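# Chains, contacts and geometry: an overview
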Amino acid sequence: MKKTNWWKESVVYQIYPRSFKDSNGDGIGDLQGIISKLDYIQELGADVVWLSPVYKSPNDDNGYDISDYRDIMDEFGTMADWEQLLQDVHERGMKLIMDLVVNHTSDEHSWFMESRSSKDSEYRDYYIWHPGTDGRPPNNWESVFSGSVWQYDEKTGEYYLHLYSTKQPDLNWENPKVREDVYDMMHFWIQKGIDGFRMDTITTLSKTPGFPDAPQVKEGPFQPATQYYINGPRLQDYLAEMKREVLSKYDLMTVGETPGATPEEALSLTDEETGVMNMLFQWEHIEADPGTGGKWGEDTWSMPEFRRAMTKWQVELESRGWNTLYLSNHDQPRQVSRFGNDGEYRGESAKMLATCLHMMKGTPFVYQGEELGMTNVAFETIEEYRCVETRNMYRAAIEAGGDHDSLMKAIHRKSRDNGRTPMHWNAEANGGFTTGTPWIGINPNYPKINAERQLGDPNSVFQYYKRLIALRREYPVIKWGTYQVILEDDPYVYSYSRVMDEQTLLVICNFSDQPRSFRWDTLHTYARKQLLIGNYNPGVELESDMTLRPYEAAVYLLQS
Ligand code: TEU
Ligand code: CA
């Protein structure tokens, strides 16, 4: 039983509009800029575009703080520009999905301005207010962006809850009017013709009643409290209602952002009858980090941990459910710097990582610039960073006595701004991103790593991604074959097979900067073997005992 849906056969390209392409020289990417680059995305072979938020926003969190859900941010253009974008996308036979950010709004949204104006406002209950306890915040929950989740508001003398920045007050989903307004807004965009939603922080809508204190697990007044707001008690009800009122009426692509989700939760969230979304972004593989210290802690990511996480999700969602496949997005460092090698083997390791991911079962997501092998950036001063999470973390850590140099090191490794520097279009000033001054510094390696250069080079990372995407369209085994890990104890080489009918796909990826041997005894059972793609030229000859070059990747089609 193979149920095919268009979103299972798609490849998604994620655009972070602020950093993609500036059309008018103000240093900020915009909708006309995106329109001018649709040919490029089509050339790559992606057929769905996911736009990070383009709604009206004061940009405390670059558009994830929305002040008007039904209008376009001035810096990005107008509703007419957006309509043109949608039309141009559709004319190419492509689809457009929008970010749905409904855990919170901006504090400059009219609902919040009303809400904070008086305890009697009809919008008071649109947000989560609390009088506090003995002049202190109601509890010790720590905000994702540092400090308390509670912000005291002078006007009415109460605290409001914000899981993210102080300018992102959480909506009160317990209020049916909030839910109705959200559903209306969803209908508004669907009726404009969009093809789906990426659902921002969708599993945090329901908070544990009574707001109990979180246990002390680290120094300082504020403690991580995700267990009190991820998958909260009423989440399933809200999502079921959203499905009934909105999603069940249309054929959409829906992708949930669900930090910490387990495969069991994924199966229930994506169940064809009762689930609310088609697929979700799981996090285990990018947090394949057995060390302690959280996001900013020491980097102990390991391939075997990564393989274990990927294999678990591939296997557990094999017969029900559907995986997203991603290694990067606007919240993550650049994958080649993080999991590969952004020095000597940048090209090889960028292609190896792409091979490893794109040959798996699921819907691949490519984040802008990933297809060029763009790298992390290391700004010298904290002032050059724009990300609210990074800046808040730095400030809080310095106040707590942290050391500047080691903080900057962690920021270079993990800041979200690594993925937010402007896209490199060519070797001209500012990489062709803008004729003005970019809103955030550009990575100085743009003369070497840029789209123009790679479009004309058959061995480029871009051309390699293009071939991977084309292979997925050509070989059903890549879309539907059953995944099985091979040699699961090898510390350096990640190999797996995909099997469908008579065909077997063999994927071999060397995750290290040294030559490594690969020995697979089962090979002799196959009479025919054909190299489909590899990142070295000429490709390696498949033998039952072979040596892989640094970061070498190869994919073979085998037949008995
Ligand atoms: O991210 C939600 C999320 O899970 C964060 O905890 C994420 O880990 C964060 O980026 C810390 O690095 C979504 C968006 O993707 C992110 O860009 C927004 O800042 C956030 O929601 C708030 O809207
Ligand atoms: Ca602009």
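Being a predicted model, the structure only gives us computed values, none of them experimental. (Residues numbered from 1 in each chain as written. Chains lettered and ligands numbered in written order. Predicted model: local features only at pLDDT ≥ 70, side-chain atom pairs only at ≥ 80, totals over all residues. Heavy atoms only, no water.)

## So, the confidence of the model for the protein
Our working rule: Known as pLDDT, the predictor's confidence for each residue is given on a scale from 0 to 100. Helix and strand definitions follow DSSP, with helices as H or I runs of at least four residues and strands as E runs of at least two, each counted in order from the N terminus.
Taken residue by residue, the protein gives an average pLDDT of 96. The fraction at 70 or more is 99%. Element-level pLDDT for the protein is lowest in strand 19 (residues 545-548), with a mean of 92, against a maximum mean of 99 in strand 1 (residues 12-15).

## Observations regarding the coordination of the calcium ion (ligand 2)
Spelled out, the test is: Coordinating donors are taken to be N, O and S atoms lying within 2.8 Å of the metal, or within 3.2 Å when the metal is Na, K or Ca; because water is excluded from the atom set, some sites may appear incomplete. The buried label applies to any residue whose accessible area, calculated with a 1.4 Å probe on protein chains only, is under 20% of its type's maximum; exposed applies above 50%, and partly exposed to all values in between.
The calcium ion (ligand 2) binds to the protein through Asp22 (OD), Asn24 (OD1), Asp26 (OD), Ile28 (O) and Asp30 (OD); the donor distances cover 2.2 to 2.4 Å. The sequence motif formed by the donor residues of the calcium ion (ligand 2) is D-x1-N-x1-D-x1-I-x1-D. You can call asparagine 24 exposed: its relative accessible area is 52%. Classification of isoleucine 28 as buried rests on a relative accessible area of 9%.

## Some words on the packing of helix 5 (residues 176-192) against helix 6 (residues 235-245)
Quick note on the threshold: For helices, the axis comes from a line fit to the C-alpha atoms of the stretch in contact; other axes are also lines fit to C-alpha atoms, and the angle between any two N-to-C directions lies between 0 and 180 degrees. Between 65 and 115 degrees an angle is taken as roughly perpendicular, under 35 as roughly parallel, over 145 as roughly antiparallel, and anywhere else as oblique. Helix crossings are classified by the rotation of the near helix relative to the far one: an anticlockwise turn of less than a right angle makes the crossing left-handed, while a clockwise turn makes it right-handed. We call two residues in contact whenever any of their non-hydrogen atoms come within 4.5 Å of each other. Under the scheme applied here, ten amino acids are nonpolar (Ala, Val, Leu, Ile, Met, Phe, Trp, Tyr, Cys and Pro), four are charged (Asp, Glu, Lys and Arg), and all others, including Gly, are polar.
The interhelical angle for the contact between helix 5 and helix 6, taken along N-to-C directions, is 40°, at an axis separation of 10 Å. In terms of orientation, helix 5 lies oblique with respect to helix 6. Of the two possible hands of crossing, helix 5 and helix 6 adopt the one that is right-handed. Across the interface between the two elements, Arg179, Tyr183, Met186 and His187 of helix 5 pack against Tyr238, Glu241, Met242 and Glu245 of helix 6. Of the residues assigned to the contact of helix 5 with helix 6, the class counts are four nonpolar, one polar and three charged.

## Focus: the nonpolar core
This is how the line gets drawn: Only buried residues count toward a nonpolar core, which is a set of Ala, Val, Leu, Ile, Met, Phe, Trp, Tyr and Cys residues joined through side-chain atoms within 4.5 Å.
The biggest cluster of nonpolar side chains holds 152 residues, and the ones touching the most others in it are Trp82 and Tyr494. In this structure, Trp141, Leu161, Tyr228 and Ile230 belong to the second largest nonpolar core, which totals 16 residues.

## Some details on the sheet that holds strand 6 (residues 129-130)
Put simply, the rule is: Any two strands are treated as partners once DSSP identifies two or more bridges connecting them.
In space, the three strands of this open sheet follow the order 6-8-7, with antiparallel pairing throughout. In this open sheet, the two strands that pair with only one neighbour each are strand 6 and strand 7 (150-153). Bridging between strand 7 and strand 8 (residues 158-161) involves four bridges; their strand directions are antiparallel. Its bridge partner lying in strand 8, tryptophan 150 is registered against leucine 161.

## Some points on the pairing of strand 8
Two faces, one strand: in a regular strand the side chains alternate between the faces of the sheet. Judged by which residues are buried, strand 8 turns out to be covered on both faces: Glu158 and Tyr160 on one side and Tyr159 and Leu161 on the other are all buried. In terms of strand pairing, strand 6 meets strand 8 through two bridges, oriented antiparallel. Opposite tryptophan 129, over in strand 8, you have tyrosine 160 as the bridge partner. From the end of strand 7 to the start of strand 8, which pair antiparallel, there are four residues, and glycine 157 there has a positive phi angle of about 65°.

## A word on the environment of histidine 330
Using the following cut-off: Polar contacts, as used here, are pairs of N or O atoms within 3.5 Å; protein pairs need one atom able to donate a hydrogen and one able to accept it. Residues neighboring in sequence count only if both atoms are side-chain atoms.
Looking at where histidine 330 falls in the secondary structure, it is placed in the loop between strand 12 (324-325) and helix 9 (335-339). Residue class for histidine 330 comes out buried when judged on its relative accessible area of 2%. Separated by 114 residues in the primary sequence, histidine 330 and proline 444 have C-alpha atoms spaced 19 Å apart. Leaving out residues up to four positions away in the same chain, histidine 330 has contacts with Gln14, Tyr16, Trp50, Ser52, Tyr64, Arg198, Tyr367, Arg416 and Arg420. A distance of 3.1 Å separates a polar atom in the side chain of histidine 330 from a polar atom in the side chain of tyrosine 64.

## Some details on the side chain of glutamine 223
Note on placement: glutamine 223 falls in the loop between strand 9 (196-199) and helix 6. Not counting the four nearest positions on each side in its chain, glutamine 223 is found in contact with Asn140, Trp141, Glu142, Ala214, Pro215, Gln216, Val217 and Lys218.

## Observations concerning the sheet that holds strand 9
Here eight strands make up an open sheet; going across it, the order is 11-10-9-5-2-1-13-12 and the pairing parallel. Of all strands in the sheet, those bounded by a partner on one side alone are strand 11 (279-281) and strand 12. Summarising the sheet, strand 1 and strand 13 (residues 363-367) pair through three bridges and their orientation is parallel. Note on strand 13: the bridge partner recorded for tyrosine 13 is valine 366.

## Examining the site of ligand 1
Put simply, the rule reads: The nearness test applies per residue and asks whether one of its heavy atoms lies within 4 Å of the molecule or strand. Surface accessibility follows the Shrake-Rupley procedure with a 1.4 Å probe radius. Residue values consider only the protein chains on display as shielding.
Neighbouring ligand 1 are 18 residues, the closest being Asp61, Asp200, Lys295, Asp331 and Arg416. Between ligand 1 and aspartate 61 there is a distance of 2.5 Å, counted from an oxygen atom to a side-chain nitrogen or oxygen. Interatomic distance of 2.5 Å between a side-chain N/O atom of aspartate 331 and an oxygen atom of ligand 1. Out of a free accessible area of 480 Å², ligand 1 has 94% covered by protein chains.

## Let's talk about the side chain of histidine 424
Its place among the elements puts histidine 424 in the loop between helix 12 (404-414) and helix 13 (451-455). Taking relative accessible area as the criterion, histidine 424 reaches 0% and is therefore assigned buried. Polar contacts involving the side chain of histidine 424 include one to the main-chain carbonyl oxygen of isoleucine 449, which spans 2.9 Å. Each residue touching histidine 424, except ones within four places of it in the same chain, is listed here: Leu372, Met374, Gly431, Ile442, Asn443, Asn445, Tyr446, Ile449, Asn450 and Ala451.

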